[in-house]
Amino acid sequence: MSARAIATWLSGPVLRAAPEGAFVLREAVLVGEQRLLGEVIRVARDEITIQVYEDTSGLRLGEVVQGTERLLSVRLGPGILGGIFDGLLRPIAFDPNDPETAWVQPGLHQRAPGRFHFRPSVAVGDRLAPGAVLGEVAPEAEPGPERDLAERGPAGSGPADEAEAAPRLRQRCLLPPDAQPGELIALAAAGDVLEDAPIGRMRAADGSEYAIRLAHPWPVRLPRPVAKRLPADEPMLTGQRILDCLFPIARGGTASIPGGFGTGKTVLLETIAKWCDADVIVYVGCGERGNELAGLLAEFLELEDPRSGRPLLERTVVIANTSNMPVAAREASIYTGITVAEYFRDQGLDVALMADSTSRWAEALREVSGRLGELPGEGGYPAYLSSRLADFYERAARVETLAGAQGSVSVMGAVSPPSGDFSEPVTNHTRRYVGGLWALDVRRAQSRFYPAIDPLSSYSNSVQDLARWWHREGCTRWEALRRRFLTLLEAEARLERMARIIGRDAMPAPQRVTLLAAQLVNEAFLRQSAFSAIDRFASPQRQAVMMRLIGRFIEEAEGLLERGVAPEHLAGAPVFRALIRMGEEIGEGDWERFSALDRELTATAHRLVEEVEAVQAEQSEQTEGDANAGQGAA
Ligand SMILES: Nc1ncnc2c1ncn2[C@@H]1O[C@H](COP(=O)(O)OP(=O)(O)OP(=O)(O)O)[C@@H](O)[C@H]1O
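Please read these numbers as outputs of a predicted model, since none were measured by experiment. Throughout, residues of each chain are indexed from 1 in the direction in which the sequence is written. The predicted origin of the model limits local features to residues at a pLDDT of at least 70 and limits the giving and counting of side-chain atom pairs to 80 or more, whereas totals for whole chains, interfaces and linings rest on all residues. By convention in this description, side-chain values take in all heavy atoms of the structure and omit both hydrogens and water.

Colleague: Tell me about the overall build of the protein, and please be specific about residues and values.
Modeller: Only DSSP runs of H or I reaching four residues or more are called helices, and only runs of E reaching two or more are called strands; each is numbered from the N terminus. Along the backbone of the protein there are 15 helices and 28 strands. Dimensions of the protein, computed from the C-alpha atoms along their principal axes, are close to 120 × 55 × 45 Å. Carbon and sulfur atoms form 51% of the exposed surface of the protein, whose accessible area is close to 26600 Å². Charge-centre separation for the protein: the mean point of 69 positive side chains lies 4 Å from the mean point of 88 negative side chains. In these tables, accessible area is a Shrake-Rupley quantity obtained with a 1.4 Å probe, and a residue counts as shielded only by the protein chains included in the view. Positive charges come from Lys and Arg, negative ones from Asp and Glu, while His and the chain ends are left out of the count. A charged residue contributes its charge at one atom only: NZ of Lys, CZ of Arg, CG of Asp or CD of Glu.

Colleague: Requested: an account of the packing of helix H10 (residues 478-502) against helix H11 (residues 509-526), with residues and values cited.
Modeller: A packed helix pair is summarised by two numbers, namely the angle formed by the two axes and the spacing between the axes. Axis lines are fitted to C-alpha atoms, over the contacting stretch for helices. Their N-to-C directions set the angle, which ranges from 0 to 180 degrees. Their axes nearest at 9 Å, the elements H10 and H11 cross at an angle of 120°. Of the possible angle classes, the one that applies to H10 and H11 is oblique. For H10 against H11, the interelement crossing comes out left-handed. Each of Phe485, Leu488, Leu489, Ala491, Glu492, Leu495, Glu496 and Met498 in H10 lies in contact with H11, whose residues at this interface are Gln511, Thr514, Leu515, Ala517, Ala518, Gln519, Val521, Asn522, Phe525 and Leu526. Across the contact of H10 with H11, the residue classes tally to twelve nonpolar, four polar and two charged. If an angle is under 35 degrees, it is roughly parallel; if it is over 145, roughly antiparallel; if it lies from 65 to 115, roughly perpendicular; otherwise it is oblique. Whether a crossing is left-handed or right-handed is set by the direction in which the near helix is turned from the far one by less than a right angle, anticlockwise for left-handed and clockwise for right-handed. Pairs of residues are marked as contacts when any of their non-hydrogen atoms sit within 4.5 Å. We call Asp, Glu, Lys and Arg charged. Ala, Val, Leu, Ile, Met, Phe, Trp, Tyr, Cys and Pro are nonpolar, and the rest, Gly among them, are polar.

Colleague: I'd love a proper account of the sheet that holds strand E1 (residues 4-11), names of residues and values included.
Modeller: Spatial ordering of the closed barrel is given by E1-E2-E5-E4-E3-E6, a layout of six strands whose pairing is antiparallel. Across the sheet, the axes of successive neighbouring strands diverge by a mean angle of 40°, strand direction being ignored. In short, DSSP must find at least two bridges between two strands for them to pair. Where E1 and strand E2 (residues 14-20) come together, seven bridges link them in antiparallel fashion. Bridge pairing in E2 links Trp9 to Arg16.

Colleague: Tell me about the site of the ligand, and name the residues and values.
Modeller: Around the ligand sit 15 residues, and of these Gly264, Lys265, Thr266, Val267 and Ala530 come closest. At a separation of 3.0 Å, an oxygen atom of the ligand approaches a polar backbone atom of Gly264. Protein contacts shield 81% of the accessible area of the ligand, which totals 640 Å² for the unbound molecule. Counted by class, the shell around the ligand contains five nonpolar, six polar and four charged residues. No fewer than three residues from each of domain 3 (228-461) and domain 4 (478-619) sit in the shell around the ligand. Each residue is tested against the molecule or strand, and it is near if at least one of its non-hydrogen atoms lies within 4 Å. Throughout this description, a polar contact denotes any pair of N or O atoms lying within 3.5 Å of each other; where both atoms belong to protein, one of them has to be capable of donating a hydrogen while the other can accept it, and for residues adjacent in sequence the pair is counted only when both atoms sit in side chains. Start and end positions for the domains come from either an automated domain assignment or a database one.

Colleague: Can you tell me about the sheet that holds strand E17 (residues 198-204), naming the residues and giving the values?
Modeller: Taking strand neighbours across the sheet as the criterion, the four strands line up as E10-E15-E17-E18 in an open arrangement whose pairing is antiparallel. Since the sheet does not close on itself, it has two edges, and those belong to strand E10 (127-128) and strand E18 (209-213), each with one partner. In terms of strand pairing, E17 meets E18 through five bridges, oriented antiparallel. Residue pairing across strands places Pro198 opposite Arg213, the latter belonging to E18.

Colleague: Please provide a residue-by-residue account of the packing of aromatic side chains, values included.
Modeller: Two aromatic rings, drawn from Phe, Tyr or Trp (for Trp, its six-membered ring), form a pair once their centres lie within 6.5 Å of each other, and the interplanar angle then sorts them: stacked below 30 degrees, edge-to-face above 60, tilted otherwise. A complete count under the given rule lists ten aromatic pairs for this structure. By way of ring pairs, the aromatic residues Tyr335, Trp361, Phe392 and Tyr393 are connected into one cluster. Only when the NZ atom of a Lys or the CZ atom of an Arg is both within 6 Å of the ring centre and within 35 degrees of the ring normal do we say a charge sits over the ring. For Arg366, the ring lying beneath its charged end belongs to Tyr381, and the centroid distance is 4.4 Å. The ring of Phe449 has Arg444 lying over it, and the distance from NZ or CZ to the ring centre is 4.4 Å.

Colleague: Describe the packing of helix H5 (residues 358-371) against helix H6 (residues 385-393), listing the residues and the values that go with them.
Modeller: Orientation of H5 relative to H6, taken along the N-to-C sense of each, is 140°, at an axis distance of 11 Å. Taken together, H5 and H6 sit at an angle that is classed as oblique. Between H5 and H6 the crossing geometry is right-handed. Two secondary-structure elements touch here, H5 through Thr358, Trp361, Ala362 and Leu365 and H6 through Leu385, Arg388, Leu389, Phe392 and Tyr393.

The structure is reproduced here in structure tokens:
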């Protein structure tokens, strides 16, 4: 019999209750007649404290709190993919064409079990370990050919311009990771089944039997077990040049995106969600404005998956907890998001999780902590803020699953520091747990330079590991060019100050070359509009070609300087303008135009040298003539 308790104190989403029976920490509870979902967050001898994840406005003292004898869990199953949920994985009503639901509506009911086509890959009599693959699952409506995700195309192969859509992706059904190992004693034949209906039976070593289903519950705060963690040595490609080439993260890596108001956090996360080379996208909208999220959902509904030609939403899970939804549920949405991501990872998939914004989650922690009367730490946040952030980011990894497949969860979290102050606690603590920092700069955003990532305060810890990948892909100079670009950008920051004082023209020629090269790196490479039809995505091949071309320009500019060509001559040449515009104008696969640009650069360099040599020859002829004339006169 589950325990019950009587509410004795209420404050917003937090309540205290006198227990009648034993509760355990993190147990899910149902509060009051409305059976609002809550979680036990503190257990004392004669009092339990509960955080309620739903609107508590109607609650009164004396309400009954019913224990459930299980930890706060979500039901994971194939029906999640393509869905839009609240923080507790209940479906959210959203249809942009229906004015009633065009606004994100909080979910009130549990997800109804979906019907799926199950094709077993094991047989009765097989001995199965936890996490074993039982078979494949496809949507009932579309039993046609599916795409096996293990057979996915080359990494970052870019948008599919072929008109025909690839088959829908195929999911796998697993024995839950906490199931008892044993023998499969019954199994349904291939056919359509409800997610919740038994598809077979297992007999454990102790003789006990249990049913297996397509869906299984999992406690959100408990990381799902894996066989082992693998080194993160493959990039998580985003299609954004500044990220993939200057501040890359690995599959299974983490990045934080701190940025002041309106600097482009949401657009950047959305762009990555659309173009990154993950199999499954989990997008957690945590405490963001409802209309912003509704806009994102409407866009996702329409968006075609560049990899398959199918709707992007089909391989996306959106977990939305807008600012008008109960504040405590932000915590649930973060843990639910990462649990869902791990569920797909365990099927041998690469998952990218975007959380926008972790600051709203931290604010929720602060609010709940305040109501609990806990001693406030830095910035009013609870002392455990740092460990909560660590718990979240540490669940990102590239792993070998229990079934022996490889999968990964990469996590990218936006941080919204008040007044853009990066020394505030959430930004500061997050920095300690992430492998990459993509710092958004207000000045860049104000000058509409997007993505507004500041190359001087951003970093990546994975450069050396990923350089080997670029090398294997044929871009052997990736690391050297990356270093060159960053050195130029640093030098530019120093020289700009001097240029403002004495004027650019008064600077020595080598410094003017540095400024010119840095201008090209910025304008041709780092600037990349999320809304440009051609440039919103760049494949690694296109990034490598552009990187090499800019590298060539820098070498030519330096070589020309030695031959006496002033940088202004190069800046005035049509090839410089063409290079600046190449991202906007030369699309994927148009390698011939890039080669033509390369040839034009060589031709321009020759022409400029010839011109200078002609002038120099003319000058020396003139000097000689003057000297002869002088001698004659003497
Ligand atoms: N990569 C980009 N390409 C083109 N435009 C961009 C890009 N990033 C941001 N913008 C422009 O900047 C505006 C603000 O961006 P966004 O809403 O993402 O900022 P934010 O940091 O999420 O804001 P908030 O602090 O309100 O959450 C966008 O509406 C868009 O016009």
